[in-house]
Amino acid sequence: MNGKIALITGATSGIGLAAALELSKTGARVIVHGRNRERCAYALDWLRAQGGGVDIEAVTADLSVQSEVRGLAQDVIARHSRLDVLINNAGAVYLIRRLSPDGIEMTFATNHLASFLLTHMLLPALKASPSARIVNVASHAHYGHPVDLSNLELKRGYFPLTAYNRSKFANVLFTYALARRLAGSQISANAMHPGFVATGMGGNNGLLVRPFARLIMSLGITPEEGARTVIYLASSPEAEGISGGYYYLMKPVRSDSRTYDVDLQEKIWGLSAGKSGV
């Protein structure tokens, strides 16, 4: 990975931070994304203290806000002539249905549309790389939870885990549709399941929810274990040129059978394009 440039969203904690450390140790220039300057500063200090490489930098953006996603992409492109690795890792769970500043349900906006829009905005930089890789962090939570196009943003019957699970289903659909569009190019796109990881997921829902969220998440595997497949897809020679897969424990596995429905992939692509203005 010497000299390669990698952007990781949601990299100030959990899987993203663990992946940032390991990739920086391999010689990659790692761009750490976080929601604010304070979290990014903490992450950079931690990475350097843990022996990360010297080429670590940070960018900030609230990924639930489309103007900030666009600004993040423009910032990266202004700093670098190319991008070799894009890891769409950032995600959240919202206990109560909320709308983003763009009027979109927050889970869908943060977990799916942000990745969709950011990837599109960064395609020129990825195309400038001799061999680029896109890794979308999805989840086995997508199994059995197909997107309901008639109730995409859960205006009826909102439940936080349903919103999360469907956003992960959308991640997988997006990955397959993207890989098909990139076929024959030097850019690969894959999705993966990290496992049930002990992270700060759910901690954005207020003081009353945080202790419960921390208790549940404490039962998971470590972020370092969860990051292994991310790192494999982002850097392993074995994964070079492989695209359109869904991975777990560094091996390709079958996603939910309905994610292979090309018509559904295209419908979620069209809806995502409409909502993000690409």
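Up top is the structure.
Described in the following lines is the structure provided in the data block.

**Quick look at helix H1 (residues 14–25)**
And then number 1: Under the 1.5 Å per step criterion, the end-to-end length of H1 is 17 Å for twelve residues, consistent within 8% with the ideal 16 Å.
And then number 2: Across the twelve residues that make up H1, a large majority, ten, are buried.
And then number 3: Within H1, burial applies to Gly14, Ile15, Gly16, Leu17, Ala18, Ala19, Ala20, Leu21, Leu23 and Ser24.
And then number 4: Positive phi shows up at Gly27, right after H1, with a value of about 105°.

**Some thoughts on empty space enclosed by the protein**
In this approach, a probe sized like a water molecule rolls over the atoms, and the result shows the empty space that is left.
And then number 1: Considering all chains together, one arrives at four cavities of 30 Å³ or more under this definition.
And then number 2: Approximately 60 Å³ is the volume attributed to the largest cavity.
And then number 3: Lining the largest cavity, in full, are Glu105, Phe108, Val147, Leu152, Leu154, Ala163, Arg166 and Ser167.
And then number 4: Among the residues forming the lining of the largest cavity, the class breakdown is five nonpolar, one polar and two charged.

**Structural notes on unusual backbone geometry**
And then number 1: Residues other than glycine seldom take positive phi values, yet Leu154 does so here, at roughly 50°.
And then number 2: Positioned with a positive phi, Leu249 is a non-glycine residue whose angle comes to about 55°.
And then number 3: Of note, Leu249 is situated in the loop between strand S7 (246–248) and strand S8 (251–252).

**Focus: the side chain of Lys168**
And then number 1: Along the polypeptide, Lys168 turns up in helix H5 (residues 160–182).
And then number 2: Glu105 provides the closest opposite charge to the buried, salt-bridge-free Lys168, at an N-O distance of 12 Å.
And then number 3: Once residues within four sequence positions are removed from consideration, Lys168 is found in contact with Asn111, Val137, Ala138, Ser139 and His142.

**Quick look at the environment of Ile134**
And then number 1: Of note, Ile134 is situated in strand S5 (residues 132–137).
And then number 2: Residue Ile134 is classed as buried on the basis of its relative accessible area, which comes to 1%.
And then number 3: For the pair formed by Ile134 and Ala234, sequence separation is 100 residues and the distance between their alpha carbons is 7.5 Å.
And then number 4: Residues in contact with Ile134, not counting those within four places in the same chain, are Leu86, Asn88, Thr119, Leu126, Leu178, Leu182, Ile187, Ser188, Ala189 and Asn190.

**Things to note about the sheet that holds strand S6 (residues 187–193)**
And then number 1: The sheet built from eight strands is open, its strands ordered S3-S2-S1-S4-S5-S6-S7-S8 with mixed pairing. For this open sheet the edge positions go to strand S3 (56–60) and S8, each flanked by a neighbour on one side alone.
And then number 2: By the bridge criterion, five bridges tie strand S2 (residues 29–34) to S3 in an arrangement that is parallel. Its bridge partner lying in S3, Gly34 is registered against Thr60.
And then number 3: Strands strand S1 (5–8), S2, S3 and strand S4 (85–88) of the sheet are contacted by H1, whose axis makes an angle of about 170° with S1.
And then number 4: In the packing of helix H2 (residues 37–49) onto the sheet, contacts are made with S2 and S3, and the angle to S3 comes to roughly 165°.

**Brief notes about helix H9 (residues 262–276)**
And then number 1: Taking 1.5 Å per residue as the helical rise, H9 with its 15 residues ought to reach 21 Å, and the 21 Å between its terminal C-alpha atoms agrees with that figure.
And then number 2: Turning to H9, its buried residues are Leu264, Gln265, Ile268, Trp269, Ser272, Ala273 and Ser276.
And then number 3: The N-cap residue of H9 is Asp261: its side-chain oxygen and the backbone nitrogen of Asp263 are 2.9 Å apart.
And then number 4: Once H9 finishes, Gly277 follows within two positions and takes phi at roughly 75°, a positive value.

Procedures and definitions
- What you see as residue numbers is a count from 1 along each chain, following the sequence as written.
- In keeping with the predicted nature of the model, local features appear solely for residues at pLDDT of at least 70, side-chain atom pairs appear and are counted solely at 80 or more, and the whole-chain, interface and lining totals rest on all residues.
- Side-chain calculation: all heavy atoms of the structure are included, whereas hydrogens and water are not.
- Numbered from the N terminus, helices here are DSSP runs of H or I no shorter than four residues, and strands are runs of E no shorter than two.
- To estimate how far a helix should extend, the number of its residues minus one is multiplied by 1.5 Å.
- We call a residue buried when its accessible area falls under 20% of the maximum for its residue type, exposed when it is over 50%, and partly exposed in between, using a 1.4 Å probe and counting protein chains only.
- A pocket, in this scheme, is an open set of points on a 1 Å grid over the protein atoms alone with protein on both sides within 12 Å along at least 5 of 7 lines, while a cavity is a set where a 1.4 Å probe fits but cannot get out; residues line either one if an atom lies within 4 Å of a point.
- Grid points are joined across faces, edges and corners, and a volume is the space filled by probe spheres set on the points.
- Three residue categories are used. Nonpolar comprises Ala, Val, Leu, Ile, Met, Phe, Trp, Tyr, Cys and Pro, charged comprises Asp, Glu, Lys and Arg, and polar comprises the others, including Gly.
- Just so you know, the count uses Lys and Arg for positive and Asp and Glu for negative, and it drops His and the chain ends.
- By salt bridge we mean one thing: a side-chain nitrogen of Lys or Arg within 4 Å of a carboxyl oxygen of Asp or Glu.
- The contact criterion used throughout is that any non-hydrogen atoms of two residues lie within 4.5 Å.
- In this description, strands pair whenever DSSP reports at least two bridges between them.
- Angles shown run from 0 to 180 degrees and are taken between the N-to-C directions of axes, each axis being a line fitted to C-alpha atoms and, for helices, limited to the stretch in contact.
- Pairs of N or O atoms are called polar contacts if they sit within 3.5 Å, as long as, within protein, a hydrogen donor faces a hydrogen acceptor (for residues adjacent in sequence, only side-chain-to-side-chain pairs).

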